[in-house]
Amino acid sequence: MEKHQSIISYLLIFLLILILLRVAGFINIQNVELLGYILIYFGLSYVFNSFGNKRKGALFTSTVIFLVGVVLFIISNFEIQQLSKLIIPSSFMIIGIGLFMTYLDGNQLTYILLLSLLFIAVGIIITIIYGEITSHSFYASFLGVTEKYWSVLLIFAGIFLLFRKGNT
């Protein structure tokens, strides 16, 4: 229970920092992007918390939450002409990656691995057939996001280092 309270406390601090940075004008983020950050942080925290503890349901759910946050981040930062071209393949990939994480966590049942690879493959095939992503557009978008949020990355790295030094 203590780990859950700690994760929630850090999530609230993270949310408060994002809101303060938004109000102060350091970052300009929309509510969808803010929700994406929250889901990324929350999901990733619970993935680390549940991995290796034989809690497959929690691991699958937290992986899905993390990846939905990534999709929301992508939606808010990139111009996507047809949202269905992102949502449909990412849904398959999210389920596949969630299943793959449960496979890695224990028992390593072959049918779970095959099912996860099937979902991931369907998502990739749909992306290739209907997608419009090129390596150049991906690289340009990555640079744009890095340029936009470099200061936020530095602030969170500093906060992380402060908390880390305080815990040792």
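Up top is the structure.
Summarised in this report is the structure supplied together with it.

Reading guide: rules and limits
- Residues numbered from 1 in each chain as written.
- Predicted model: local features only at pLDDT ≥ 70, side-chain atom pairs only at ≥ 80, totals over all residues.
- Heavy atoms only, no water.
- Helix = DSSP H or I, 4+ residues; strand = E, 2+ residues; numbered from the N terminus.
- Buried < 20%, exposed > 50% of the residue type's maximum accessible area, 1.4 Å probe, protein only.
- Contact = heavy atoms within 4.5 Å.
- Areas by Shrake-Rupley, 256 points an atom, 1.4 Å probe, with all protein chains shown as cover.
- Core = buried A, V, L, I, M, F, W, Y, C linked by side-chain atoms within 4.5 Å.
- Phe/Tyr/Trp six-rings, centres within 6.5 Å; stacked < 30°, edge-to-face > 60°.

### Let's talk about the overall build of the protein chain
Phase 1 of the analysis: Looking only at helices and strands, one finds 6 helices and 0 strands in the protein chain.
Phase 2 of the analysis: Reading the helices (α) and strands (β) of the protein chain from amino to carboxyl end gives α-α-α-α-α-α.
Phase 3 of the analysis: The burial tally for the protein chain puts 30% of its 168 residues in the buried class.
Phase 4 of the analysis: Within the protein chain, counting contacts between residues at least 6 apart in sequence, those at least 24 apart form 67% of the total.
Phase 5 of the analysis: Per element, the accessible surface of the protein chain, about 11,000 Å² overall, is 72% carbon and sulfur.

### Observations concerning the nonpolar core
Phase 1 of the analysis: Counting 12 residues, the largest nonpolar core consists of Leu11, Phe14, Ile17, Leu18, Leu21, Ile27, Ile29, Leu34, Tyr37, Ile38, Ile40 and Phe73.
Phase 2 of the analysis: Elements supplying a minimum of two residues to this core: α1 (2-24) and α2 (31-50).
Phase 3 of the analysis: A total of 5 residues in this core trace back to one element, the largest contributor, which is α1.
Phase 4 of the analysis: The contacts of Leu11, once residues within four sequence positions are left out, are Ile38, Tyr41 and Phe42.

### Let's talk about the packing of aromatic side chains
Phase 1 of the analysis: Summed over all chains, the structure comprises 4 aromatic pairs.
Phase 2 of the analysis: Taking the centre distance of 5.7 Å and the plane angle of 50° together, the rings of Tyr37 and Phe73 count as tilted. Here the residue Tyr37 occupies a position in helix α2, and Phe73 occupies one in helix α3 (residues 56-77), the gap between them amounting to 36 residues. There is no split in this pair, since Tyr37 and Phe73 are both buried.
Phase 3 of the analysis: Relative to Tyr46, the ring of Phe42 has its centre 4.7 Å away and its plane inclined at 55°; by these criteria the two rings are tilted. Placement of the pair is Phe42 and Tyr46 together in helix α2, with a separation of 4 residues, close to one helical turn.
Phase 4 of the analysis: Judged by its relative accessible area of 24%, Phe42 is partly exposed.
Phase 5 of the analysis: On the accessibility criterion, Tyr46 (13% relative accessible area) is buried.

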